[in-house]
2 protein chains.
Amino acid sequence: MDDARILVVDDDKEIAGAIEKLLNLEGYEVIKAYNGLEALDAIVANNIQLILLDIMMPKLDGLSTTLKIRESKNIPIIILSAKSEDSDKILGLSMGADDYITKPFNPQELTARVRSQLRRYLQLGGMGKALCSSQVVIGGLCLDTDKKQLMVDGDLVRLTAKEYKILELLMSNPGIVFSAERIYEAVWNESAYSVENTVMVHIRRIREKIEINPKEPNYLKVVWGIGYKIEKL
Amino acid sequence: MDDARILVVDDDKEIAGAIEKLLNLEGYEVIKAYNGLEALDAIVANNIQLILLDIMMPKLDGLSTTLKIRESKNIPIIILSAKSEDSDKILGLSMGADDYITKPFNPQELTARVRSQLRRYLQLGGMGKALCSSQVVIGGLCLDTDKKQLMVDGDLVRLTAKEYKILELLMSNPGIVFSAERIYEAVWNESAYSVENTVMVHIRRIREKIEINPKEPNYLKVVWGIGYKIEKL
DNA sequence: TATATTTGTTAAGAATTTTTTAAGAATTTC
DNA sequence: GAAATTCTTAAAAAATTCTTAACAAATATA
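Residues numbered from 1 in each chain as written. Chains lettered and ligands numbered in written order. Predicted model: local features only at pLDDT ≥ 70, side-chain atom pairs only at ≥ 80, totals over all residues. Heavy atoms only, no water.

A. Highlighting the protein's contact with DNA strand D. Taken together, 22 residues surround DNA strand D, and among them R207 and Y228 of chain A together with R204, R207 and Y228 of chain B come closest. Take R204 of chain A: an N or O atom from its side chain is 3.1 Å from a phosphate oxygen of DNA strand D. With respect to DNA strand D, the side chain of Y228 of chain B contributes an N or O atom lying 2.6 Å from a phosphate oxygen. Element by element, the count of residues in the surface near DNA strand D is highest for helix 8 (residues 198-210) of chain B, at six residues. Looking at the surface near DNA strand D residue by residue, the classes come out as ten nonpolar, four polar and eight charged. (Near = heavy atom within 4 Å. Polar contact = N/O pair within 3.5 Å; in protein donor to acceptor, adjacent residues only side chain to side chain. Helix = DSSP H or I, 4+ residues; strand = E, 2+ residues; numbered from the N terminus. Nonpolar A, V, L, I, M, F, W, Y, C, P; charged D, E, K, R; others polar.)

Pasting the structure below:
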């Protein structure tokens, strides 16, 4: 839990500084940004574990920044704003924020909420790290998530968009079993009420591309009645 | 994967009912409890994904209940209380709660916070299991709830879907006795009017896989006339 | 527009799991 | 101790889940 790096975003430098001091006392490392655009840059440049985000800011406001961050990252976001109306809270949370604190805030409440969010996030294995390296290697498979390319034993293998997304999901979580529904929801981005065997057919096609013998897969294995997984070697 | 199941704990049945209706409208399944002890029972018996917990309750209050739940489970807990003082918020969060809503609450804020917590929790596949370690260890048994795998004395043992679910139920609640009916209802997700010996046959097969001598089981024991349990070591 | 490529659907059959059945063993109750 | 109940076990029947191939539909590319 210690050593977490927190990004504080507020156009009021006095407030940002005060929060920095408060968090430093708790043992956190703080990076500051004074508007949404700076915040986005800071996230790319640093390994951030939590974001404290003001709503009213020049250039790019807090809500838009939240949306932008959520396109790619899953870091906890606590919105911090003077607007105390409920509608703003709801808006913030539905944009993808994880919590909401109204100014003026009680310093202890702030640190408590920060701790709570970090506890949960770091438990998931700090998914920020996995995103840094763009390659996932499992045995003879090497998936490059920047180039959207797969190498099988050193040879480039062409994947279609759907095949790539399924394989990325599985290879990013080796050993973990995903049901067909979950794969469908993650890859197609819509809920799967009727599970046709669409996912299964894709699995078959991926197997043809990555396995020596698709009938006896070494990598992409089925777990009967539960789902599919990539074998962790 | 069905929709999320939420446990609402409040000694005021009117409030509990109101929250139930609100959450039902959002498509969540709701289970109610009217004090902390009932809540703990409900958590064991059902597959809960989120808990809405009142603080002031008879028998076992919300803060103590939070502590108790956190001993074994990592389900998101949102504390819901009339006390609006900051000190209580901090206390709740430091006990292991994930969020805090003060009564009277705005219905939309409640559902927004519920959504927010569930989003985070369900993301890496937490289905009401212990997310912190994803492993349950009892003696030489080690059940991995992400990989849907069982290790017996270090060796991987294949389980079928039903076998896995039964064993997960029992191992997640070591020492607690489950009747065949309760196992059936929990695993098959339907009420058991006439319990054939289906469950017993599965118990037999699990024993064959985890016990040295299935006829004299060390782990999966019968409690005559009542049910089965996993011995707590 | 024509062509190639990707994606979705269908259906048959193969593999595996789950349920049923029924007989025998263990435990409790009378 | 006998009877009733509850649990164990094995095997066959039924049901489910997965694989596969071929084709149709949608989408992208030339």
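B. Local environment of the protein's contact with DNA strand C. In the vicinity of DNA strand C lie 23 residues, with T160 and R205 of chain A together with T160, W188 and R205 of chain B positioned nearest. Counted by atom, the contact set of DNA strand C within 4 Å of the protein is 56% sugar and phosphate. Between DNA strand C and K162 of chain A, the relevant distance is 3.4 Å, taken from a phosphate oxygen to a main-chain nitrogen or oxygen of the residue. At the level of secondary structure, the elements contributing two or more residues to the surface near DNA strand C comprise helix 7 (161-172) and helix 9 (198-210) of chain A together with helix 6 (161-172) and helix 8 of chain B. Grouping the constituent residues of the surface near DNA strand C by class yields eight nonpolar, eight polar and seven charged.

C. Region of the structure containing the packing of helix 2 (residues 36-45) of chain A against helix 3 (residues 62-70) of chain A. Residues and elements named next belong to chain A. Remark: helix 2 packs on helix 3, axes separated minimally by 10 Å, with the N-to-C direction vectors making an angle of 25°. In terms of axis orientation, helix 2 runs roughly parallel to helix 3. The handedness of the crossing between helix 2 and helix 3 is right-handed. For the pair helix 2 and helix 3, the contacting residues are G36, A39, L40 and I43 in the first and T65, K68 and I69 in the second. (Axes fitted to C-alpha atoms, helices over the stretch in contact; angles between N-to-C directions. Parallel < 35°, antiparallel > 145°, perpendicular 65-115°, else oblique. Left-handed = near helix turned anticlockwise from the far one by under 90°. Contact = heavy atoms within 4.5 Å.)

D. Structural context of the pairing of strand 8 (residues 149-152) of chain B. Residues and elements named next belong to chain B. Bridging between strand 7 (residues 141-144) and strand 8 involves four bridges; their strand directions are antiparallel. Residue pairing across strands places C142 opposite M151, the latter belonging to strand 8. Linkage of strand 7 to strand 8, two consecutive antiparallel strands, is achieved through a turn of four residues, within which K148 is found at a positive phi near 55°. The pairing of strand 8 with strand 9 (residues 155-157) spans three bridges and is classified as antiparallel. Among the inter-strand pairings, M151 is bridged to a residue of strand 9, identified as L156. Between strand 8 and strand 9, which pair antiparallel and follow one another directly, the connecting turn spans two residues, one of which, D153, has a positive phi of 50°. (Pairing = 2+ DSSP bridges.)

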